[in-house]
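Below, each chain spelled out in residue letters.
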Amino acid sequence: MLVHDTALIFGRYARQTLRSRLAMFFGVLAPLLHLLFFGPLLTRLPLGARDSSWQILVPGLLLQLALFGAAFSGFSVIVEKNLGVVDRMRATPVSRLALLLGRVLRDAVVLVLQSVLLVLAALVMGLRAPLAGVLAGFAFVGLLAVSLASLSCSLALRVGTPQEFGPTVNALTVPSMLLSGLMLPMALAPGWLDVLSHLTPLRYLVDAVRDAYTGSYATSHMLYGVLVALGLAAVSVTVGTRAFRGAKA
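A. Geometry of the overall build of the protein chain. From N to C terminus, the protein chain includes 11 helices and 0 strands. Counted from the first residue to the last, the protein chain has its helices and strands arranged as α-α-α-α-α-α-α-α-α-α-α. A compact globule built from 249 residues would reach a C-alpha radius of gyration of about 18 Å, and the protein chain, at 18 Å, matches this within 12%. Overall size of the protein chain, expressed as C-alpha extent along the three principal axes, is 55 × 35 × 35 Å. Per-residue burial over the protein chain gives 47% buried out of 249 residues. Split by element, the accessible area of the protein chain, about 11900 Å² in all, is 71% carbon and sulfur. Side chains of the protein chain carry 19 positive and 9 negative charges; the gap between the two charge centres is 7 Å.

B. Structural context of helix H6 (residues 96-125). Taking 1.5 Å of rise per residue, the 30 residues of H6 would be expected to cover 44 Å, and the 44 Å separating its terminal C-alpha atoms lies within 8% of that figure. Capping the start of H6 is the job of one residue whose side-chain oxygen sits 3.2 Å from the backbone nitrogen of leucine 97: serine 95. Once H6 ends, the next one or two residues include glycine 126, with phi positive near 130 degrees.

C. The arrangement of the packing of aromatic side chains in detail. All told, the structure shown has 2 aromatic pairs when counted by the stated rule. Measuring from centroid to centroid gives 6.0 Å for phenylalanine 72 and phenylalanine 75, while their planes differ by 10 degrees, and the two rings are stacked. Ring centres of phenylalanine 75 and phenylalanine 165 lie 4.8 Å apart, and the angle between their planes is 70 degrees; this geometry places the pair in the edge-to-face category. Highlighted residues: phenylalanine 75 in helix H4 (residues 74-83) and phenylalanine 165 in helix H8 (residues 162-180), separated in sequence by 90 residues. On the basis of relative accessible area, phenylalanine 75 is assigned to the partly exposed category, the value being 30%.

D. Spatial organisation of the packing of helix H7 (residues 131-156) against helix H10 (residues 201-213). One can describe the packing of H7 onto H10 by two numbers: an axis separation of 8 Å at closest approach and a directional angle of 160 degrees. Judged by the angle between their axes, H7 and H10 are roughly antiparallel. Between H7 and H10 lies a crossing whose hand is left-handed. Counting all contacts with H7, which are made through Gly133, Val134, Ala136, Gly137, Phe140 and Leu144, the residues of H10 involved are Leu202, Leu205, Ala208, Val209, Ala212 and Tyr213. Looking at the contact of H7 with H10, its residues break down into 10 nonpolar, 2 polar and no charged.

E. Geometry of H7. Helix length check: H7, at 26 residues, gives a terminal C-alpha distance of 37 Å against a target of 38 Å (1.5 Å per residue), a fit within 8%. The element H7 is largely enclosed, with a buried count of 19 among its 26 residues.

F. Up close: the nonpolar core. By size, the foremost hydrophobic cluster in this structure holds 62 residues, and its most contacted members are Leu35, Val58, Leu63, Val119, Leu202 and Tyr213. If one sorts the elements of this core by residue count, H7 sits on top with 12 residues. Among all residues touching leucine 202, those that are not within four sequence positions of it are Leu63, Leu67, Leu144, Ser176, Ser180 and Leu182.

Definitions and limits used
Residues numbered from 1 in each chain as written. Predicted model: local features only at pLDDT ≥ 70, side-chain atom pairs only at ≥ 80, totals over all residues. Heavy atoms only, no water. Helix = DSSP H or I, 4+ residues; strand = E, 2+ residues; numbered from the N terminus. Rg over C-alpha atoms; globule rule 2.2 N^0.38 Å. Buried < 20%, exposed > 50% of the residue type's maximum accessible area, 1.4 Å probe, protein only. Areas by Shrake-Rupley, 256 points an atom, 1.4 Å probe, with all protein chains shown as cover. Lys, Arg positive; Asp, Glu negative; His and termini not counted. Charge placed at Lys NZ, Arg CZ, Asp CG, Glu CD. Expected span 1.5 Å × (residues − 1). Polar contact = N/O pair within 3.5 Å; in protein donor to acceptor, adjacent residues only side chain to side chain. Phe/Tyr/Trp six-rings, centres within 6.5 Å; stacked < 30°, edge-to-face > 60°. Axes fitted to C-alpha atoms, helices over the stretch in contact; angles between N-to-C directions. Parallel < 35°, antiparallel > 145°, perpendicular 65-115°, else oblique. Left-handed = near helix turned anticlockwise from the far one by under 90°. Contact = heavy atoms within 4.5 Å. Nonpolar A, V, L, I, M, F, W, Y, C, P; charged D, E, K, R; others polar. Core = buried A, V, L, I, M, F, W, Y, C linked by side-chain atoms within 4.5 Å.

What follows is the structure, given as structure tokens:
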């Protein structure tokens with residue numbers, strides 16, 4: 001029943017996405033611009049990558065794509081809530097977990113597809129990374145997307161307007177981006193800032209994906225990254241499911 005319900009909800013939102021191809025393009029545009037205009041600035045800097053600075057920048061851009069793409073996905077939930085769609089869905093026998101998973105899995109699939117486009121562009125510009133590392137990066141993007149989209153839906157069900165939702169999400173995502181070392185490794189930061197960054201879950205995912213892109217899989221960064229990604233996904237899906245159980249239009 002859960003699988004069937006999830007597939008049903010996923011199909012509904014996937015069809016909506018397919019009718020909005022322009023939105024998918026603009027979703028990946030910002031990371032592509034970073035790749036094109038910011039990447040060449042890093043090629044001569046000693047950033048610690050084994051082969052090139054692209055192995056530092058591209059993993060950060062992948063997770064940046066997931067961070068902002070998934071964190072703002074709750075806007076559509078606010079619209080549906082105000083139109084009474086959420087209440088009508090809750091009046092059906094569909095599993096509350098499926099109501100969440102159908103949405104967030106759609107977000108995860110879209111963001112992984114956008115990540116593929118980003119990596120293909122990076123390969124043209126000079127990125128060299130093992131296939132296993134690239135696939136691991138996509139897995140981290142998917143997990144992060146599920147986590148943040150779940151939390152975004154939960155927040156959207158608790159606030160009344162987009163005017164409340166947007167600033168709240170910005171207040172959480174911008175510090176996460178700055179402290180996680182998405183653009184530059186935190187090894188370049190002062191000691192106090194490096195210590196502070198370890199309080200940000202995203203930091204562990206960034207370090208793990210960068211290790212994967214250099215072909216280093218049996219590392220502490222990879223272990224912590226996997227544990228944090230799985231733990232964050234489990235907690236976020238639980239929070240999101242509870243929000244759907246108690247949602248009110």
